[in-house]
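Per-entry structural report
So you can see what is in the structure, the chains are spelled out below.
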Amino acid sequence: MSRITLLISLSIFLIITVFAFLQTAKAEEIHFNNDIFILKYSTLSNINRGYENEYFLKNENKSNWTKMIGIYYYPEVSNPLKFADKESKSIESNEINVLLKYIENKKADKAALSYLQNGSSNGKNFFEYNIFKYEKHPDKGMMALRYAIRYFFNNNDEITTLAGKVKAENDEYLQKIIESPIPPVIEKNINQN
């Protein structure tokens, strides 16, 4: 009888361990827009005093990416609408940025914005398309969800094509981000290449 009890206990333990492992693995992956993003960067920010998690495609990382998702915790920010409004004004005042859309939902205390930023990486020019959603954290502070795509280009014809693509997709991506729940922040330091 004790052998059967031991075998059952060991089986239950293994099942619980495997389930816990799978849950942990899922927390470090995000499925969005038919892509799988893996947590490759996480740190406690000196600026916002909360954790920042950044997820990239399998073969990409913080220094070399085409798509990413960011989850940012701002424990000291209590008003997402005020913060988002300030961000939108900062984006508009910077000549390398173009604010595409800014949306507020005062009843839900949420805001979202999208913008293009001109940049370069490893000698290649790109437009970085960013969407941010800001909302209150359930306990304290504010959470931000970011989805970004880098569109690389070589000439003015490609710029025109990219501008049309972003314009056509902006409302759809904004809606997806607005409807997406913000996953919890993982509070540990990670720096994977």
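Residues numbered from 1 in each chain as written. Predicted model: local features only at pLDDT ≥ 70, side-chain atom pairs only at ≥ 80, totals over all residues. Heavy atoms only, no water.

1. Things to note about the overall build of the protein chain
Keep this limit in mind: Secondary structure is summarised from DSSP: a helix means a run of H or I of at least four residues, a strand means a run of E of at least two, and numbering begins at the N terminus for each. In this description, contact between two residues means that some pair of their heavy atoms is separated by no more than 4.5 Å. Here the open area of atoms and residues is found with the Shrake-Rupley method and a 1.4 Å probe, where only the protein chains shown may cover a residue.
Of the regular secondary structure elements, the protein chain holds three helices and nine strands. Start at the N end of the protein chain and walk to the C end: the helices and strands fall as α-β-β-β-β-α-β-β-β-β-α-β. Once local pairs closer than 6 in sequence are excluded, the contacts in the protein chain between residues at least 24 apart make up 51%. Of the roughly 12,100 Å² of accessible surface on the protein chain, a fraction of 53% belongs to carbon and sulfur atoms.

2. Observations concerning the packing of aromatic side chains
For clarity, the cut-off: Any two rings among Phe, Tyr and Trp, with Trp reduced to its six-membered ring, count as a pair given centres within 6.5 Å; such a pair is stacked if its planes are under 30 degrees apart, edge-to-face if over 60, and tilted if neither. Using a 1.4 Å probe on the protein chains alone, a residue whose accessible area is under 20% of its type maximum counts as buried, one over 50% counts as exposed, and one in between counts as partly exposed.
For the structure on display, the rule yields eleven aromatic pairs. Measuring from ring centre to ring centre gives 6.5 Å for Tyr 115 and Phe 132, while their planes differ by 5°; the resulting arrangement is stacked. Of this pair, Tyr 115 sits in strand 6 (residues 110–121) while Phe 132 is found in strand 7 (residues 124–136), placing the two residues 17 residues apart along the sequence. Across the pair, exposure class does not vary: Tyr 115 and Phe 132 are buried alike. Note on Tyr 147 and Tyr 173: the rings are 5.4 Å apart at their centroids and 50° apart in plane angle, and the pair reads as tilted. Highlighted residues: Tyr 147 in strand 8 (residues 142–153) and Tyr 173 in helix 3 (residues 156–179), separated in sequence by 26 residues.

3. Details of the pairing of strand 8
What counts here: Pairing between strands requires that DSSP locate at least two bridges from one strand to the other.
Of all twelve residues making up strand 8, eleven are buried, and the element is well covered by its neighbours. Taken together, the twelve bridges between strand 7 and strand 8 define a ladder with antiparallel strand orientation. Pairing of Phe 132 across the sheet is with Arg 146, part of strand 8. Here strand 7 folds back onto strand 8 in antiparallel fashion, the turn holding five residues, of which Gly 141 has a positive phi close to 85°.

4. Some points on the nonpolar core
Using the following cut-off: The term nonpolar core refers to a set of buried residues drawn from Ala, Val, Leu, Ile, Met, Phe, Trp, Tyr and Cys, joined through side-chain atoms within 4.5 Å.
With 30 residues, the main nonpolar core has Phe 37, Tyr 55, Ile 69, Ile 71, Tyr 129 and Tyr 147 as its most contacted residues. Among the elements that take part in this core, strand 8 stands out by supplying six residues, more than any other. Not counting residues up to four positions away in its chain, the partners in contact with Ile 69 are Ile 30, Phe 32, Phe 37, Asn 53, Glu 54, Tyr 55, Leu 145, Arg 146 and Tyr 147. If you look at the next biggest cluster of nonpolar residues, it comprises 19 residues, including Trp 65, Ala 84, Ile 91 and Ala 144.

5. Focus: unusual backbone geometry
The phi angle at Asn 34 is positive, at roughly 65°, despite the residue not being glycine. Among the secondary structure elements, Asn 34 is positioned in the loop between strand 1 (29–32) and strand 2 (35–44). Here Asn 122, not a glycine, exhibits a phi torsion of approximately 50°, which is positive.

6. With respect to the pairing of strand 2
Judged from the four bridges that link them, strand 1 and strand 2 form a sheet pairing that is antiparallel. Residue pairing for strand 2: Ile 30 is matched across the bridge by Phe 37. Taken together, strand 2 and the strand that follows it, strand 3 (residues 51–56), pair antiparallel across an intervening segment of six residues, in which Arg 49 is found at a positive phi of about 60°.

7. Considerations on the environment of Arg 146
Defined as follows: As used in this structure description, the phrase polar contact means that two N or O atoms lie within 3.5 Å; if the pair is within protein, one of them must be able to donate a hydrogen and the other to accept it, and residues adjacent in sequence are counted only when both atoms belong to side chains.
Here Arg 146 shows up in strand 8. The buried category is assigned to Arg 146, whose relative accessible area is 11%. Separated by 75 residues in sequence, Arg 146 and Ile 71 place their C-alpha atoms 6.4 Å apart. Looking at Arg 146, its side chain comes within polar contact range of the side chain of Glu 128, at 2.9 Å. Side-chain polar atoms of Arg 146 contact the side chain of Asn 130, separated by 2.8 Å.

8. Description of the side chain of Asn 130
Inspection of the secondary structure assignment puts Asn 130 in strand 7. Exposure remark for Asn 130: the relative accessible area of 0% places this residue in the buried category.

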